[in-house]
Amino acid sequence: MTGRSSAELEAAGGAGAEAAGADSVRDSLLRPQAHAAAIPSSSRFVAMMRVGETREPREPPMPILSSEALTRTYVSGGREIAVLKNITFDVPPGGFLAIAGPSGSGKSTLLGLLAGLDRPTSGRVFLDGHDLSTLTEDQRARLRAERVGFVFQSFHLIPTLTARENIQVPLELRGEDGRARADELLARVGLADRGHHYPAQLSGGEQQRAALARAFCHRPRILFADEPTGNLDDANGQMVVGLMVELNRELGTTVVLVTHDHELASRAHRVIRLRDGAIVGDSVH
Ligand code: ADP
Ligand code: MG
């Protein structure tokens, strides 16, 4: 398998959680507007509730994801390399954002920060109402387990489990009836008759569709996908992105898709283009 495993990415998030947590508490005391972004003030909440009565223009929904002046610097051979520079954007609930850009432009680094798998050098991420910098590693892991789905380039299915079991087992670990839901999801991604096959018996496109079914099994609020079509041919890539578009529409799941394929990116509501760690394009469709 290529790419970083989810366990490796999980491990990458750990260092310095307590120190950064203390900093961010101090920062949010000094900067009350940071709180306002996460929690509506009572007057703002009342205003939101009154929108229907007074026919005032509707306020935009609270973002489900906000990236606020994110930077990430690596030290390599004694030199500092700025891999991400001042990245700021919001994603509304139910949005479909594509992050595009050439290899090495910082896409995976950004996705890791947005999902709370890695910590920024400066700046902050708000995910589903939580300032990630104020959470411990355990709290971030719990937030991911409950509300976040992931899809990776190299599928990351467990090779010793069938396609159905790859979906069923995580559900049963949560105490849900995995079998019925696994079958329902396999049917949804066009694999109704392949549930008993092991990953090695499935094509790349089929494996990625099974991984997509697994990523959606716990009804995440937000799905992060890092080049999910990178190992697929055009037709299978189109099919996987088409399914993500449909699931985003049907289930209202927010999707953040990393791709270097401009055509696939254009299926998103909005495309942010990165180059050398900076946003060089931002288009809304
Ligand atoms: P992309 O996903 O767009 O291909 P990445 O986010 O993986 O780009 O990497 C962006 C840049 O950061 C690359 O130049 C890469 O070499 C560098 N980089 C990524 N991880 C590390 C690390 N752990 N240490 C040093 N440099 C890194
Ligand atoms: Mg990458």
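Residues numbered from 1 in each chain as written. Chains lettered and ligands numbered in written order. Predicted model: local features only at pLDDT ≥ 70, side-chain atom pairs only at ≥ 80, totals over all residues.

(A) Highlighting helix α10 (residues 234-251). Under the 1.5 Å per step criterion, the end-to-end length of α10 is 25 Å for 18 residues, consistent within 8% with the ideal 26 Å. Those residues of α10 that fall on the buried side of the exposure criterion are Gly-237, Val-240, Val-241, Met-244, Leu-247 and Asn-248. The arc that holds every buried residue of α10, seen down its axis, measures 120 degrees, which confines them to one face. Along α10, the residues that are exposed and aim more than 90 degrees away from the buried face are Asp-234, Ala-235, Gly-242, Glu-246, Arg-249 and Glu-250. (Helix = DSSP H or I, 4+ residues; strand = E, 2+ residues; numbered from the N terminus. Expected span 1.5 Å × (residues − 1). Buried ≥ 20, exposed ≤ 12 C-beta atoms within 10 Å, placed from the backbone. Arc of directions from axis to C-beta.)

(B) Broad picture of the sheet that holds strand β1 (residues 65-76). Taking strand neighbours across the sheet as the criterion, the four strands line up as β2-β1-β4-β5 in an open arrangement whose pairing is antiparallel. Looking along the sheet, the strands with just one partner apiece sit at the ends: β2 (79-91) and β5 (130-131). The pairing of β1 with β2 spans nine bridges and is classified as antiparallel. By the bridge assignment for β2, Ser-67 is matched with Phe-89. (Pairing = 2+ DSSP bridges.)

(C) Local environment of the nonpolar core. Among the nonpolar cores identified, the biggest contains 61 residues, and Ile-99, Leu-114, Leu-212, Ala-213, Phe-224 and Val-256 are the most heavily contacted of them. The leading source of residues in this core is helix α9 (residues 204-216), at six residues. Ignoring sequence-local partners within four residues, the contact set of Ala-213 consists of Ile-167, Leu-185, Leu-186, Arg-188 and Val-189. (Core = buried A, V, L, I, M, F, W, Y, C linked by C-beta atoms within 7 Å. Contact = placed C-beta atoms within 7 Å.)

(D) Quick peek at unusual backbone geometry. Positive phi, normally seen in glycine, also occurs at Ala-69, with a value near 50 degrees. Within the fold, Ala-69 resides in strand β1. Among the residues examined, Ala-69 registers 12 C-beta atoms within 10 Å and is labelled exposed.

(E) Highlighting the packing of helix α7 (residues 163-173) against α9. Look at α7 against α9: their axes get within 9 Å of each other, and the N-to-C directions meet at 15 degrees. In terms of orientation, α7 lies roughly parallel with respect to α9. Of the two elements, α7 crosses α9, and the hand of that crossing is right-handed. Contacts from Ala-163, Asn-166, Ile-167 and Pro-170 in α7 reach Ala-210, Ala-213 and Arg-214 in α9. (Axes fitted to C-alpha atoms, helices over the stretch in contact; angles between N-to-C directions. Parallel < 35°, antiparallel > 145°, perpendicular 65-115°, else oblique. Left-handed = near helix turned anticlockwise from the far one by under 90°.)

(F) Region of interest: the confidence of the model for the protein. Mean pLDDT over the protein stands at 84; residues scoring 70 or higher make up 80%. Segment residues 1-42 is flagged for pLDDT under 50; beyond a separation of four residues in sequence, or across chains, it makes 50 contacts in the model. (pLDDT = per-residue confidence, 0-100.)

(G) Region of interest: the pairing of strand β6 (residues 148-151). Residue alternation in β6 divides its side chains into two sets, Val-148 and Phe-150 and Gly-149 and Val-151, and both sets are buried. Taken together, the four bridges between β6 and strand β7 (residues 222-226) define a ladder with parallel strand orientation. Directly across from Val-148, in β7, lies its bridge partner Ile-222.

(H) Representation of the site of ligand 1. Every residue lining ligand 1 is accounted for by Tyr-74, Ser-76, Ile-81, Val-83, Gly-101, Ser-103, Gly-104, Ser-105, Gly-106, Lys-107, Ser-108 and Thr-109. Those elements giving two or more residues to the shell around ligand 1 turn out to be β1, β2 and α5 (107-114). At three residues, α5 tops the list of elements feeding residues into the shell around ligand 1. Looking at the shell around ligand 1 residue by residue, the class counts come to three nonpolar, eight polar and one charged. (Near = placed C-beta within 6 Å. Nonpolar A, V, L, I, M, F, W, Y, C, P; charged D, E, K, R; others polar.)

(I) Quick peek at the pairing of β7. Of all five residues making up β7, five are buried, and the element is well covered by its neighbours. By the alternation rule, side chains of β7 split into Ile-222, Phe-224 and Asp-226 and Leu-223 and Ala-225, which are all buried. One ladder, built from five bridges, connects β7 with strand β8 (residues 254-259); its direction is parallel. The partner of Asp-226 across the bridge, within β8, is Val-258. One crossover worth recording links β7 to the parallel β8 by way of α10, and it is right-handed. (Right-handed = clockwise from strand over helix to strand, strands pointing away.)

(J) A look at the environment of Gly-277. Along the chain, Gly-277 falls in the loop between β9 (270-275) and β10 (278-284). For Gly-277, a count of 23 C-beta atoms within 10 Å puts it in the buried group. Put simply, Gly-277 and Gly-101 are 176 residues apart on the chain and 9.4 Å apart in space, counted from C-alpha to C-alpha. What Gly-277 contacts, discounting residues up to four positions off in sequence, is Ala-82, Val-83, Leu-84, Lys-85, Ser-105 and Gly-106.

(K) Main features of the environment of Leu-65. Within the fold, Leu-65 resides in strand β1. For Leu-65, a count of 22 C-beta atoms within 10 Å corresponds to the buried category. It is 7.8 Å that separates the C-alpha atoms of Leu-65 and Leu-114, two residues lying 49 residues apart in sequence. Not counting residues within four places of it along the chain, the set of residues in contact with Leu-65 comprises Asp-90, Val-91, Leu-114, Leu-127, Ile-222, Thr-254 and Val-256.

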